[in-house]
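A structural walkthrough
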Amino acid sequence: MVLILALTVTRFCSDMMKSFSWMHKFKLYPMLVVFIFLLPTLFTQVWDQDFDNENLLYKIPENVSCADNQYPPLASDRVPTYVINLDLPPKLRWAQLMIDKKESALYLLQDIKTYTDSFFRGKLFPLLDKYLPLMAKTLPEPYLSELKGIAEVTGIELGEITLYNIFYEVFTLCTSVISQGANGKIYHGRNLDFGLFLGWDVKNHTWQTTEALRPLVVELDFQRGGRTVYKTVNFAGYVGVLTGMKPGRFTLTLDERFSMEGGFVGIIRWLLGDHSANWAGFLMRDVMEKADSYQQALTTLTTSKLLAPVYFILGGNTTDQGAIITRGRNEADVWFMGRGSVSQVSTWYLVETNYDHWNQPPFFDDRRTPAVHCLDKMGREAASLSGLFNVLATKPIFNKLTTYTCLMDVSTGQFESWIRNCPDPCKPW
């Protein structure tokens with residue numbers, strides 16, 4: 001995992017630095033890669049002590065142009081829906097979906113192979129196919145059986161399917177928002193951004209992996225006995241949960257959290273035999289399956305041991321039921337709806353990107369400030385799914401990495417997702 005990530009970042013910087021012949025000649029760009037890759041993690045550890053709210057490092061243009069009248073998007077951008085029948089044996093649950101999405105999944109993997117082959121001369125994926133199945137066999141049920149079923153249907157090696165299912169744990173950028181209307185009704189929305197440093201297309205100004213992922217976005221209706229248990233929006237072939245709703249109960253999203261003791265540490269411990277921690281995406285699905293209330297979900301997400309630090313953004317179905325759960329692998333901080341923070345003054349909404357709410361976001365990735373600005377401009381009286389969509393359609397909250405936007409109204413069960421393509425001019429992240 002670390003090697004693949006480091007090398008794809010190196011490839012991106014190599015492409016960007018070719019015009020700087022002296023740097024390319026002496027192969028200095030890998031050092032730049034390490035510096036860039038560690039920047040978010042390093043900044044999260046130090047900026048709270050070293051800078052205050054007035055420091056110019058955090059200033060962004062005050063004339064943020066909040067998107068307006070963007071909802072609904074084109075009907076052609078609506079994410080398709082599939083039923084996952086939980087009454088079927090785990091190996092069979094994903095069959096129809098993966099038959100339909102097989103070609104898109106193969107294209108994504110081939111895309112990754114193409115830009116890693118220059119480093120490994122075609123030897124990387126054979127190694128993954130040999131050793132990652134050993135890791136797959138340590139995963140909890142029903143997830144292991146589901147992965148095996150997906151591998152059989154698609155003909156994709158189990159090692160590659162396993163990689164596909166753990167990659168999101170450690171490299172996803174997102175924006176999640178929970179807002180509360182004047183009547184106390186809770187709305188939850190999110191942008192999922194993925195593909196940073198994974199193949200920048202200089203000509204088209206797009207991320208190759210992000211482009212390859214969009215055809216794989218699907219809404220999933222998990223049913224038991226012909227009735228919906230919960231709904232999610234996933235990349236086809238990923239069996240965990242990053243975005244989900246249990247109608248009438250709660251909504252839940254996951255955002256990546258940068259940390260010096262990040263997901264790689266937990267993964268290494270898992271490989272060494274310590275299986276006491278939970279994969280975040282699998283834990284979220286467990287919560288969707290087993291928790292019957294906002295409070296039950298809150299308790300599980302707050303107390304369970306994790307492989308990787310993350311943010312859980314949890315919304316309920318009652319006034320003031322909303323929380324951002326900032327998780328380390330063992331510890332938890334809970335910021336509840338109705339309480340102020342460094343990141344905002346208003347108490348009727350919560351915003352989480354990829355930085356601790358008690359710290360200022362870094363200047364090179366400040367999606368929080370525009371979100372707060374646009375929510376304040378919208379006002380509580382106008383809180384709605386369409387209002388949230390406009391906020392999430394505001395640049396740079398909406399950027400070249402954005403694969404989809406999801407909107408959830410837990411009280412009515414309304415759950416809708418839209419494929420997103422940020423038109424130029426648009427930031428890479």
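Residues numbered from 1 in each chain as written. Predicted model: local features only at pLDDT ≥ 70, side-chain atom pairs only at ≥ 80, totals over all residues. Heavy atoms only, no water.

1. Here we look at the side chain of T206
- Along the chain, T206 turns up in strand β5 (residues 206–207).
- Judged by its relative accessible area of 16%, T206 is buried. (Helix = DSSP H or I, 4+ residues; strand = E, 2+ residues; numbered from the N terminus. Buried < 20%, exposed > 50% of the residue type's maximum accessible area, 1.4 Å probe, protein only.)

2. Considering the sheet that holds strand β1 (residues 81–85)
- Read from one edge of the open sheet, eight strands run β1-β6-β7-β8-β9-β10-β11-β12, paired in mixed fashion. The open sheet is flanked by β1 and β12 (332–336), the only strands paired with a single partner. Taking each pair of neighbouring strands and ignoring which way they run, the sheet shows an average axis angle of 20°.
- Sitting on the sheet, helix α10 (residues 280–290) touches β6 (217–224), β7 (227–235), β8 (243–246), β9 (250–256) and β10 (310–315), and the angle it makes with β9 is about 175°. (Pairing = 2+ DSSP bridges. Axes fitted to C-alpha atoms, helices over the stretch in contact; angles between N-to-C directions. Contact = heavy atoms within 4.5 Å.)

3. What about the nonpolar core?
- Core analysis: the largest hydrophobic core is formed by 84 residues, its most contacted members being W94, W279 and F312.
- Top element by residues in this core is helix α4 (residues 95–120). It accounts for seven residues.
- Ranked by size, the runner-up nonpolar core spans 22 residues in total, among them V177, W348, V351 and C374. (Core = buried A, V, L, I, M, F, W, Y, C linked by side-chain atoms within 4.5 Å.)

4. Quick notes on the packing of aromatic side chains
- Within the structure shown, the criterion is met by 11 aromatic pairs.
- Judged by centre distance (6.0 Å) and plane angle (70°), the rings of W94 and F222 are edge-to-face. Pair noted here: W94 is in the loop between β1 and α4 and F222 is in strand β6, with a separation of 128 residues, a long-range link.
- For F222, a relative accessible area of 0% translates into the label buried. (Phe/Tyr/Trp six-rings, centres within 6.5 Å; stacked < 30°, edge-to-face > 60°.)

5. Side note on the pairing of strand β3 (residues 186–193)
- With eight of eight residues buried, β3 lies mostly within the body of the structure.
- Residues I186, H188, R190 and L192 point to one face of β3 and Y187, G189, N191 and D193 to the other, with burial holding for every one of them.
- Judged from the eight bridges that link them, strand β2 (residues 173–180) and β3 form a sheet pairing that is antiparallel. Its bridge partner being in β3, V177 is matched across the sheet by G189.
- In this antiparallel pair of consecutive strands, β2 and β3, the connection spans five residues, and G184 shows a positive phi of 90°.
- The pairing of β3 with strand β14 (residues 402–409) spans six bridges and is classified as antiparallel. Paired with N191 across the two strands is T405, which belongs to β14.

6. Some remarks on the packing of helix α6 (residues 143–154) against helix α7 (residues 158–166)
- The geometry of α6 relative to α7 is characterised by a closest axis approach of 9 Å and an angle of 125° between their N-to-C directions. Taken together, the axes of α6 and α7 lie oblique to each other. In the packing of α6 onto α7, the handedness of the crossing is right-handed. For the pair α6 and α7, the contacting residues are L147, K148, I150, A151 and T154 in the first and L158, I161, T162 and N165 in the second.
- A breakdown of the residues in the contact of α6 with α7 according to their chemical character gives five nonpolar, three polar and one charged. (Parallel < 35°, antiparallel > 145°, perpendicular 65-115°, else oblique. Left-handed = near helix turned anticlockwise from the far one by under 90°. Nonpolar A, V, L, I, M, F, W, Y, C, P; charged D, E, K, R; others polar.)

7. Some remarks on α6
- Given a rise of 1.5 Å per residue, 12 residues ought to cover 16 Å, and the 16 Å separating the end C-alpha atoms of α6 matches this to within 8%.
- Taken across its 12 residues, α6 has nine buried, putting it largely inside the fold.
- Restricting attention to buried positions, one finds in α6 the residues Y143, L144, S145, E146, L147, G149, I150, A151 and T154.
- Phi turns positive, to about 80°, at G155, one or two residues after α6. (Expected span 1.5 Å × (residues − 1).)

8. Topic: the state of the cysteines
- Taken as a whole and assessed by the stated rule, the structure comprises two disulfides.
- Residue pairing for C66: its cysteine sulfur links by disulfide to C374, the two sulfurs lying 2.2 Å apart. Because the torsion about its S-S bond is -95°, the bridge between C66 and C374 counts as left-handed. Taken together, the residues C66 in the loop between α3 (29–50) and β1 and C374 in helix α12 (residues 368–378) connect sequence positions 308 residues apart. Neither residue differs from the other here; C66 and C374 are each classed as buried.
- C422 shares a disulfide with C426; S-S distance 2.0 Å. What sets the handedness of the C422 and C426 disulfide is the S-S torsion sign, and at about 105° it is right-handed. No difference in accessibility class separates C422 from C426, as the two residues are buried. (Disulfide = S-S within 2.5 Å.)

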